[in-house]
Amino acid sequence: MLKPALNALLCLIFTIPLCQAQKTGSEDIVKDNLWFKNSVIYNLEIGVFKDSDGDGRGDFDGLVQKLDYLKTLGVDAIWLAPFQPSPGEDDGYDIADYYGIDRKFGNGGNFTEFMFQAKKRGIRVIMDLVINHTSDTHPWFQSARKDKNSKYRSWYIWSKELPKDWNKGMVFPGVQKGIWSFDSTAKEYYYHRFYDFQPDLNYNNPDVRQESQRVIGYWINQGIDGFRLDAVPFIIEVGKIGSENPELDFKLLKDMRTFAQWRKSDIVILGEANVEPKQSKFYFGENADGIHMMFNFFSNQHLFYALASGDLKPFVTAIKETQDIPKASQWANFLRNHDEIDLGRLTDKQREQVYKRMGPDTSMQLYDRGIRRRLAPMLGNRKQLELANSLLFSLPGAPVIRYGEEIGMGDDLSLKERLSVRTPMQWTNEKNAGFTTADTAFRPVINKGDYSYEKVNVAQQSRDPQSLLNWTTRIIKLRKECPEIGLGTYSLVESGSESILAIRYEYEGKSLVILHNFSSQPQKAVLSADKSSRLYDLMSEKGDVTAANGKFSLSMEGYGYKWFRVDHVIR
Ligand code: NOJ
């Protein structure tokens, strides 16, 4: 009985918005406050986006030049890949100073100007937060390895002996040899879940937890709106680290959220945690008090299986299994990201089918579980590309686009590991794709084949109404006219065809039905009309469907997709 009274008192003492944001799970908070539930997020790496000074590498000033492009595309939030000082051995995911800007991209002034220009256009900024590990060049690690008595020694994880399971649980199997390596200066083994130049921080140590919050506080103060939290399951490993079933400390995530939210009430933490659906509730927090959002890796891999095989059932099961999350939490959906497509949660047989259709050559595969290609070359046809993107924008959650996917960029398999999908953005058909005026871009631009910058670039596609870029812009606009998707409730409905996925959303008396045909062949859909009388096609004036005998019957072309509003076009 005391609790509500105490809450009310706290609301009076502290600011109202803070209280609203701290209250979780209520209908009102979902509707009014949670910007991230329905935002279109665009992921980019500064170094390969746009070079402003002709040194061959992208920078903050170059990104500013392209903010109007992103605004016009319909982007609500940019997710910036790591931009802090780093030797760059893992493309910035090896940080050497949490409180700086890598000089390669500009300085603090350039960063601040970028933040101002983004905010001016109403674009929010989410940054990667890579705090599971540091670079081995980080002064903390350097001090830790050199001096047993350094306060930083216990910021990392050491062992005098080589642990028995030193070569189990690598994140990059086939490339990484183990998770413990010998440091010849420290004369002990140190723990690293990722590459050996990325020693893990020790979250058993309260000082490390405090420092991670300091990093969060610092960047919030620089205007950051959210964090893409890297490697979440490994940050929260506590107890005996490195064992096959480590204990996970979810309180760490709750404390992180509480801290971040006290500093900025509408902050978002978007977690990278490729976990089983039944685990996700611990990450979101049963009372929506953990991380706010998570990438839906589970659905993603089953979606790729469905695209490769036409067999929808495992994908339908994945959607159902990931349905039950707190109202104030949200999934982030994606097709491609900066890493390989991780197919590790499929059965061997399912994975083989995806490989066969999308990455048949071993050079296209990675880490015994994934494919290192971009979407357009993988699917190889515009119709299925549209189908996949229509799904991205209509599945339950918020859509995350990888830069270049909106124009159907290709990959460069001659680059190592995941660099294949990190080539410079293709702006024009001029030298180096208009990415840089330098003779040589620091990472090669794709200049051969069907996906070369001469054939695939923004300038050309902007002028072609039928281009993928203009199609993507239209579907983002449509998504924004359909708040039901990010904010409403949803159910999978019987479609009358094994190949057609039908999903229905409800929100504030508005309702949507969205259909996708996973077969390359035309299919008939038959939906129960219940008490509805008409489906209004949101993409074509000619596509409306009227109920007859309590049913909606309609034809769908191979790989077709349709978005309908039930009974009213607009309400
Ligand atoms: C996950 C990131 O997505 C990946 O690119 C990176 O290599 C590892 N974490 C290590 O930070």
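Residues numbered from 1 in each chain as written. Predicted model: local features only at pLDDT ≥ 70, side-chain atom pairs only at ≥ 80, totals over all residues. Heavy atoms only, no water.

As annotated in an unreviewed UniProt entry, the protein carries the name Trehalose synthase and is attributed to Dyadobacter flavalbus.

Engineer: Explanation requested: the overall build of the protein in the structure shown.
Structural biologist: Of the regular secondary structure elements, the protein holds 19 helices and 24 strands. Its C-alpha atoms give the protein principal-axis dimensions of roughly 80 × 70 × 50 Å. In the protein, which comprises 571 residues, the proportion classed as buried is 60%. The contacts in the protein between residues at least 6 apart in sequence include a share of 68% that link residues at least 24 apart. Surface summary for the protein: the accessible area is close to 23,500 Å², and the carbon and sulfur share equals 50%. The distance from the centre of the 74 positive side-chain charges to the centre of the 74 negative ones in the protein is 2 Å. (Helix = DSSP H or I, 4+ residues; strand = E, 2+ residues; numbered from the N terminus. Buried < 20%, exposed > 50% of the residue type's maximum accessible area, 1.4 Å probe, protein only. Contact = heavy atoms within 4.5 Å. Areas by Shrake-Rupley, 256 points an atom, 1.4 Å probe, with all protein chains shown as cover. Lys, Arg positive; Asp, Glu negative; His and termini not counted. Charge placed at Lys NZ, Arg CZ, Asp CG, Glu CD.)

Engineer: Is there a simple way to think about the sheet that holds strand E14 (residues 365-366) in this case?
Structural biologist: Adjacent strands of a sheet form backbone hydrogen bonds with each other and so pair up, either parallel or antiparallel. Strands sit in the order E13-E15-E14 across an open sheet of 3 strands; the sheet is antiparallel. Because the sheet does not close on itself, it has two edges, and the strands there are strand E13 (341-342) and E14. In this structure, E14 lies alongside strand E15 (residues 370-371), joined through 2 bridges in antiparallel fashion. Looking at E15, one finds that Gln365 is bridged to Ile371. (Pairing = 2+ DSSP bridges.)

Engineer: How should the domain arrangement of the protein be read in this particular structure?
Structural biologist: Size of an interface, as often reported, equals the accessible area lost when the parts are brought together. The assigned domain composition of the protein is domain 1 (37-132 + 206-480), domain 2 (139-191) and domain 3 (485-566). Using C-alpha coordinates to define each centre, domain 2 is positioned 55 Å away from domain 3. (Domains from an automatic or database assignment.)

Engineer: Mind showing me how you'd approach the site of the ligand here?
Structural biologist: Taken together, Asp90, Tyr93, His133, Phe172, Phe194, Arg228, Asp230, Glu272, His338, Asp339, Arg418 and Arg422 are the residues near the ligand. Residue His133 places a side-chain N or O atom 3.0 Å away from an oxygen atom belonging to the ligand. One nitrogen or oxygen atom from the side chain of Asp339 is found 2.5 Å from an oxygen atom belonging to the ligand. The fraction of the free accessible surface of the ligand (290 Å²) that becomes covered by protein chains is 98%. (Near = heavy atom within 4 Å. Polar contact = N/O pair within 3.5 Å; in protein donor to acceptor, adjacent residues only side chain to side chain.)

Engineer: Before we go on, may I ask you to explain helix H10 (residues 251-263) in this structure?
Structural biologist: An α-helical segment advances 3.6 residues per turn. Residues three or four places apart therefore align on the same side. The end-to-end C-alpha separation of H10 is 18 Å, in line with the 18 Å expected for 13 residues at 1.5 Å each. Every buried residue of H10 is listed here: Leu252, Leu253, Met256, Arg257, Phe259, Ala260 and Gln261. (Expected span 1.5 Å × (residues − 1).)

Engineer: Looking at this structure, I do not really get the confidence of the model for the protein. What am I missing?
Structural biologist: Where the model shows low pLDDT, its predicted coordinates should not be examined in detail. On average, residues of the protein score 94 in pLDDT, and 95% of them are at 70 or above. With pLDDT under 50 throughout, residues 1-25 is counted as low confidence; its partners more than four residues away or in other chains account for 21 contacts. (pLDDT = per-residue confidence, 0-100.)

Engineer: So what exactly am I meant to see when it comes to the nonpolar core here?
Structural biologist: One broad rule of soluble globular proteins: the nonpolar side chains tend to lie buried together. If you look at the biggest cluster of nonpolar residues, it comprises 151 residues, and the most contacted ones within it are Tyr42, Leu70 and Phe114. Here Phe114 is in contact with Phe60, Leu63, Val64, Leu67, Ile78, Leu80 and Val125, once residues within four sequence places are set aside. Residues Val513, Leu515, Val545 and Phe564 belong to the second largest nonpolar core, which totals 14 residues. (Core = buried A, V, L, I, M, F, W, Y, C linked by side-chain atoms within 4.5 Å.)

Engineer: How should I be thinking about the environment of Asp342 in this particular structure?
Structural biologist: Here Asp342 is to be found in strand E13. By relative accessible area, which is 17% here, Asp342 ends up buried. Separated by 27 residues in sequence, Asp342 and Arg369 place their C-alpha atoms 5.9 Å apart. Residue contacts for Asp342: discarding those within four places in its chain leaves Asn274, Gln301 and Arg369.

Engineer: Just to check I follow, could you spell out the packing of helix H8 (residues 206-221) against H10 for this structure?
Structural biologist: Any two packed helices are characterised by the angle at which their axes cross and by the distance between the axes. It is at 10 Å that the axes of H8 and H10 come closest, and there the two elements cross at 30 degrees. The angle between H8 and H10 falls in the class roughly parallel. H10 is crossed by H8, and the crossing has right-handed handedness. Contacts between H8 and H10 involve Arg209, Gln213, Ile216, Gly217 and Ile220 from the first element and Leu252, Asp255, Met256, Phe259, Ala260 and Arg263 from the second. Residues that form the contact of H8 with H10 fall into these classes: 6 nonpolar, 2 polar and 3 charged. (Axes fitted to C-alpha atoms, helices over the stretch in contact; angles between N-to-C directions. Parallel < 35°, antiparallel > 145°, perpendicular 65-115°, else oblique. Left-handed = near helix turned anticlockwise from the far one by under 90°. Nonpolar A, V, L, I, M, F, W, Y, C, P; charged D, E, K, R; others polar.)

Engineer: So what exactly am I meant to see when it comes to the sheet that holds strand E4 (residues 158-159) here?
Structural biologist: One open sheet holds the 3 strands; their spatial order is E4-E6-E5, and the pairing between them is antiparallel. What marks the edges here is a single partner per strand, and that holds for E4 and strand E5 (180-183).

Engineer: Looking at this structure, I do not really get a negative patch on the surface. What am I missing?
Structural biologist: A surface patch of like charges, here negative, comprises Asp53, Asp55, Asp61 and Glu113. Looking at the element boundaries, Asp61 is found in helix H4 (residues 60-65). (Patch = residues over 30% accessible without salt bridge, like charges linked within 9 Å, V, L, I, M, F, W, Y side chains within 5 Å. Salt bridge = Lys/Arg side-chain N within 4 Å of Asp/Glu carboxyl O.)

Engineer: Is there a simple way to think about helix H13 (residues 313-321) in this case?
Structural biologist: By the burial criterion, the buried members of H13 are Pro314, Phe315, Ala318 and Ile319. Along the axis of H13, the buried residues cluster in a sector spanning 145 degrees; they form a single face. Exposed and oriented more than 90 degrees from the buried face of H13 are Lys313 and Lys320. (Arc of directions from axis to C-beta.)

Engineer: In this structure, what is going on with the pairing of strand E6 (residues 188-191)? I would like to understand it.
Structural biologist: Residues in a regular strand point their side chains to alternate faces of the sheet. Neither face of E6 is open: one carries Glu188 and Tyr190, the other Tyr189 and Tyr191, and all of them are buried. One ladder, built from 2 bridges, connects E4 with E6; its direction is antiparallel. Residue pairing across strands places Trp158 opposite Tyr190, the latter belonging to E6. Summarising the sheet, E5 and E6 pair through 4 bridges and their orientation is antiparallel. Among the inter-strand pairings, Ser181 is bridged to a residue of E6, identified as Tyr190. Linkage of E5 to E6, two consecutive antiparallel strands, is achieved through a turn of 4 residues, within which Lys187 is found at a positive phi near 60 degrees.

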